[in-house]
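# A look at the structure
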Amino acid sequence: MTSVLVFGGSFDPVHNGHLSIARQARELTGAAEVWFVPSAIAPLRDHLAAPPEDRLALVQVAVGETPHTRVLDVAIRMGGVSYTAETMDVLRRAYPGDDLAVLVGADAARTLPSWHRATELLARERFVVVNRTGPPALDMDELSNLGFAAESTTLLSVDSPNISASEVRERCAAGQSLAGLVPDAVGALIAASGMYRSNPDDA
């Protein structure tokens, strides 16, 4: 049985903070792999600046040949609004022999009670919740109040670059350097395609 952290999100665009969280979470939990699953349409966002195929391509070049890491297009192939519950349904059918856990940041964890099929998700899935540099930290008491069960929830703290996707988009729109914010391959693809040149929308 392969232990896997399923890391979903809009990745609009993927940046060094995402990659740092994924790497440290895998190391701290001893998971065999991290699977990045970009969303088609984000349920809690009014608008995504880049289309699904572009965001998928950015994650693919960001991950490259990184060991123990995969990029899955399952949510994008499903289309429509990407709900974690439905994505996990598909992954559990496709990979019945793997031990899957949902990897979320503390900021996303605080919104989980409003997610589609939240009660079912909290009852059936294992969660790895990450306190990263920047947002206020969660503790187990707050997680319990949000509905996370102690026996199926792992709380981690990581030292990750305090980067937001909106900051990256704003710098793209202003024609500024992305050095240190995204992998070089991501910056090169964004520059070559003109992505985010006029899309600094907050998120």
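Our structure is the block above this text.
So, here's what we can say about the structure. (Residues numbered from 1 in each chain as written. Predicted model: local features only at pLDDT ≥ 70, side-chain atom pairs only at ≥ 80, totals over all residues. Heavy atoms only, no water.)

### What about the nonpolar core?
Formed by 32 residues in total, the largest nonpolar core has its most connected members in Leu5, Phe7, Phe36, Val130, Ile190 and Tyr196. Broken down by secondary-structure element, the contributors of at least two residues to this core are strand 1 (3–9), helix 1 (16–29), strand 2 (33–38), helix 2 (52–63), strand 4 (99–105), strand 5 (127–131), helix 8 (165–173) and helix 9 (184–193). Counting residues per element, this core draws most heavily on helix 2, which supplies four residues. Grouped together as the second largest cluster of nonpolar side chains are 26 residues, Val37, Ala75, Ala85 and Leu138 included. (Core = buried A, V, L, I, M, F, W, Y, C linked by side-chain atoms within 4.5 Å. Buried < 20%, exposed > 50% of the residue type's maximum accessible area, 1.4 Å probe, protein only. Helix = DSSP H or I, 4+ residues; strand = E, 2+ residues; numbered from the N terminus.)

### Comments concerning the pairing of strand 2
Burial of strand 2 is extensive: five of the six residues sit out of reach of the surface. Pairing analysis gives six bridges linking strand 1 to strand 2, with the strands arranged parallel. Across the sheet, the residue bridging to Gly9 is Pro38, located in strand 2. Each parallel crossover has a hand, and for strand 1 linked through helix 1 to strand 2 it is right-handed. (Pairing = 2+ DSSP bridges. Right-handed = clockwise from strand over helix to strand, strands pointing away.)

### Comments concerning the sheet that holds strand 2
Strand pairs in the sheet, formed through backbone hydrogen bonds, run parallel or antiparallel to each other. The sheet built from six strands is open, its strands ordered 3-2-1-4-5-6 with parallel pairing. Edge strands, defined here as strands with exactly one partner in the open sheet, are strand 3 (69–71) and strand 6 (153–157). Going across the sheet, the axis of each strand differs from the next one's by a mean of 25 degrees, ignoring polarity. Two elements, strand 2 and strand 3, share three bridges in a ladder whose sense is parallel. Residue pairing for strand 3: Trp35 is matched across the bridge by Arg70. Against the sheet, helix 4 (residues 84–94) makes contact with strand 1, strand 2 and strand 4, and its axis sits at roughly 155 degrees relative to strand 4, the strand it touches most. (Axes fitted to C-alpha atoms, helices over the stretch in contact; angles between N-to-C directions. Contact = heavy atoms within 4.5 Å.)

### A short note on the pattern of salt bridges
One pass over the full model with this rule turns up 13 salt bridges. Residue Arg23 is joined to Glu27 by a salt bridge in which the shortest nitrogen-to-oxygen separation is 3.5 Å. Highlighted residues: Arg23 and Glu27, both in helix 1, separated by four residues, approximately one helical turn. Here Glu33 makes a salt bridge to Arg70, at a shortest N to O gap of 4.0 Å. Here Arg70 lies in strand 3 and Glu33 lies in strand 2, a separation of 37 residues in the sequence. What emerges from the salt-bridge pattern is a single network uniting Asp89, Arg92, Arg117, Glu120, Arg124 and Glu125. (Salt bridge = Lys/Arg side-chain N within 4 Å of Asp/Glu carboxyl O.)

### Thoughts on the layout of surface pockets
Roughly 1100 Å³ of internal volume is contained in the largest pocket. Mapped onto the lining of the largest pocket, the elements with two or more residues apiece are strand 1, helix 1, helix 4, strand 4, helix 5 (106–109) and helix 8. A breakdown of the residues in the lining of the largest pocket according to their chemical character gives 21 nonpolar, 17 polar and five charged. For the second largest pocket, the calculated volume is near 180 Å³. (1 Å grid on protein atoms, 1.4 Å probe; cavity = no way out; pocket = protein on both sides within 12 Å on 5 of 7 lines; lining within 4 Å. Points joined across faces, edges and corners; volume = space filled by probe spheres on them. Nonpolar A, V, L, I, M, F, W, Y, C, P; charged D, E, K, R; others polar.)

### A short note on the side chain of Asn131
Mapped onto the elements, Asn131 comes out in strand 5. If we skip the residues at most four places from it in the chain, Asn131 touches Ala106, Pro136, Ala137, Leu138, Leu155, Leu156, Ser157 and Val158.

### Looking at the environment of Leu146
For Leu146, the position within the fold is in helix 7 (residues 140–146). Taking relative accessible area as the criterion, Leu146 reaches 18% and is therefore assigned buried. Excluding its chain neighbours within four sequence positions, the residues that come into contact with Leu146 are Ala109, Arg110, Pro113, Leu122 and Leu138.

### Here's the deal with the packing of aromatic side chains
With the rule as written, the count across this model stands at five aromatic pairs. For the ring pair Phe7 and Phe11, a centre distance of 5.4 Å and an interplane angle of 90 degrees mean the geometry is edge-to-face. Comparing Phe7 with Phe11, the two get one shared label, buried. Joined through ring pairs, the aromatic side chains of Phe7, Phe11 and Phe36 make up one cluster. (Phe/Tyr/Trp six-rings, centres within 6.5 Å; stacked < 30°, edge-to-face > 60°.)

### A short note on the side chain of Glu125
Mapping Glu125 onto the fold places it in the loop between helix 6 (118–124) and strand 5. Within the local environment of Glu125, its side chain forms a polar contact with the side chain of Arg92, the two groups lying 2.5 Å apart. Dropping the residues within four chain positions of it, Glu125 is found in contact with Met88, Arg92, Val102 and Ser152. (Polar contact = N/O pair within 3.5 Å; in protein donor to acceptor, adjacent residues only side chain to side chain.)

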